[in-house]
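What follows is each chain in one-letter form.
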Number of protein chains: 4
Amino acid sequence: MSTTLPMLETYPNPIELDRGKLAATIDTLDDCAEACTACAEACLGEPDVAELTMCIRTNLDCADVCASAARVLTRWTGYDASIGRAMLEACATACAVCAAECERHAAKHEHCRICAEACRRCEQSCRALLTEMS
Amino acid sequence: MSTTLPMLETYPNPIELDRGKLAATIDTLDDCAEACTACAEACLGEPDVAELTMCIRTNLDCADVCASAARVLTRWTGYDASIGRAMLEACATACAVCAAECERHAAKHEHCRICAEACRRCEQSCRALLTEMS
Amino acid sequence: MSTTLPMLETYPNPIELDRGKLAATIDTLDDCAEACTACAEACLGEPDVAELTMCIRTNLDCADVCASAARVLTRWTGYDASIGRAMLEACATACAVCAAECERHAAKHEHCRICAEACRRCEQSCRALLTEMS
Amino acid sequence: MSTTLPMLETYPNPIELDRGKLAATIDTLDDCAEACTACAEACLGEPDVAELTMCIRTNLDCADVCASAARVLTRWTGYDASIGRAMLEACATACAVCAAECERHAAKHEHCRICAEACRRCEQSCRALLTEMS
């Protein structure tokens, strides 16, 4: 029961995007950032942490990129779409890289499997919103 | 359908707190951070923005504190509870201040009303988890 | 006397970029994020805040993008340059937009003048590092 | 040559604290956040990463707490000192825990030695500002 859409619906300024789609992307970004932060933590607790260092790095990168993208999109009032678009591109990239890395460990580590799925959903959501804009 | 609890359930390390309660607090923190970021943006779009500057400031503060608290709690594996506890205290404070400020504008601005509720929920959730710990 | 370069010099992993240039870009990003956060706060205190709302928005966007870019670059160990590159592009965009907006108010507000300069320095630094990579 | 103090000097609103001391604390927080992010990255590259997982966790916590504290203090216009104070307390705690952990590895890892020093400086700076306030 996220408050993202109810909040976007109160914006006094026009938004050139469908508010439902924008809110859904923001929620997906927030969820992905959270999943990546959690996956890094879970990886740090594994006995084979030495084989998961690249996964931890991409998790941390992806969490930071998604979290700041969610904020930028929340301030989306269309004034200059270029920052939002650049962040959606950066996010789609980060999510793709992180998903690919997590997928390598998905058979062994459940947190990597769940996180890879969150990254793929987020990558798709970012690309769909980019299409919507153009 | 947040992935926070499913992720926490995969943590290989023990957590001294109930994972369901921890996950619920993290989700509430993430939601409050998002609501506060959105409320600041909505306030910036209002014709009476000059009367909302304090609200924008507390929104931004509360968003930053909640977002970093969510990350710290996601790394909660009990090693040293003092950072998590300090962040929960800071969050409860920030949420209380922000809720009080938003409530002053709630009759006039729907975004302040919704945001005040998100802050109150979050304040309560932080205090409940602090009680759980002691 | 930033510790960024001394820290990068201790990295056990190779970095394909010149560490001095990388550290300088990270410091410029951190400084720009700080300047933008401060400019938003200063704008909120101005009697003509209603004319500065777009400036506050771009300040907040630019601060978030620069802060997360600094973190991503700090984890630069070359594994997959695509996230770092995408964030440098997003940063160059955000800095250019924010600088242009701040420059509109630079004659009237000293904080906008200083912030515009910080954004221009950061934009240049990001573009220079992108050239270095290719 | 940080722009923090020049920016604080342009604030139209009064600040009840000495601007030089406030700017110095903000710079110390930003530097500590950067050092902790870098130390986590360096630890991930070490052959004995399995012994550094607690260090990585505290580094990440400390980086998040310091970064959000720097933002909150940058918005310090005295309206309600309680959020700023709570974040300074949380920061002093996080820095003390992180410094103690890094000191355990300082003889072996130069990045932990430098990071521990950054954390101790930051802890002191936060405590000094707290004293200033009371």
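Located above this text is the structure these notes cover.
The rules behind the values
Residues numbered from 1 in each chain as written. Chains lettered and ligands numbered in written order. Predicted model: local features only at pLDDT ≥ 70, side-chain atom pairs only at ≥ 80, totals over all residues. Heavy atoms only, no water. Disulfide = S-S within 2.5 Å. Contact = heavy atoms within 4.5 Å. Buried area = accessible area lost by both parts, 1.4 Å probe. Salt bridge = Lys/Arg side-chain N within 4 Å of Asp/Glu carboxyl O. Polar contact = N/O pair within 3.5 Å; in protein donor to acceptor, adjacent residues only side chain to side chain. Helix = DSSP H or I, 4+ residues; strand = E, 2+ residues; numbered from the N terminus. Expected span 1.5 Å × (residues − 1). Buried < 20%, exposed > 50% of the residue type's maximum accessible area, 1.4 Å probe, protein only.

K.L.:
Talk me through the state of the cysteines; I want residue IDs and the actual numbers.
P.N.:
Put plainly, two cysteines are in a disulfide when a covalent bond ties their sulfur atoms together. Under the counting rule described, the total for this entry stands at zero disulfides over all chains. Not engaged in a disulfide, the cysteine Cys115 of chain C finds its nearest cysteine sulfur in Cys36 of chain C; these two sulfurs lie 3.8 Å apart.

K.L.:
Let's hear about the interface of chain D and chain A: which residues, and what values?
P.N.:
Taken residue by residue, the interface counts ten residues in chain D and ten residues in chain A. Surface buried jointly by chain D and chain A totals about 890 Å² across both partners, of which 65% is contributed by carbon and sulfur atoms. Across the chain D-chain A interface, the total number found is two salt bridges. Taking the shortest distance from any N to any O, the salt bridge between Arg57 of chain A and Glu41 of chain D comes out at 2.9 Å. For the interface between chain D and chain A, the tally reads two residue pairs in polar contact (both at pLDDT 80 or more).

K.L.:
Outline the interface of chain A and chain B, supporting the account with residue identities and numerical values.
P.N.:
Counting from both sides, the interface comprises 34 residues of chain A and, opposite them, 34 residues of chain B. Interface area, chain A with chain B, both sides summed: about 2800 Å², of which 60% is carbon and sulfur. Taken as a group, Met7, Glu34 and Glu41 of chain A account for 23% of the area that chain A buries against chain B, more than any other trio of residues on that side. Here chain A and chain B share two salt bridges between them. Residue Arg71 of chain A is joined to Asp64 of chain B by a salt bridge in which the shortest nitrogen-to-oxygen separation is 2.8 Å. Between chain A and chain B we count six residue pairs in polar contact (both at pLDDT 80 or more) in total.

K.L.:
An account of helix α3 (residues 53–74) of chain A is requested, with residue identities and associated values reported.
P.N.:
Each full turn of the α-helix corresponds to 3.6 residues, which orients residues three or four apart in the same direction. Taking 1.5 Å per residue as the helical rise, α3 of chain A with its 22 residues ought to reach 32 Å, and the 32 Å between its terminal C-alpha atoms agrees with that figure. Counted residue by residue, α3 of chain A has 20 buried out of 22 residues, so it is predominantly covered.

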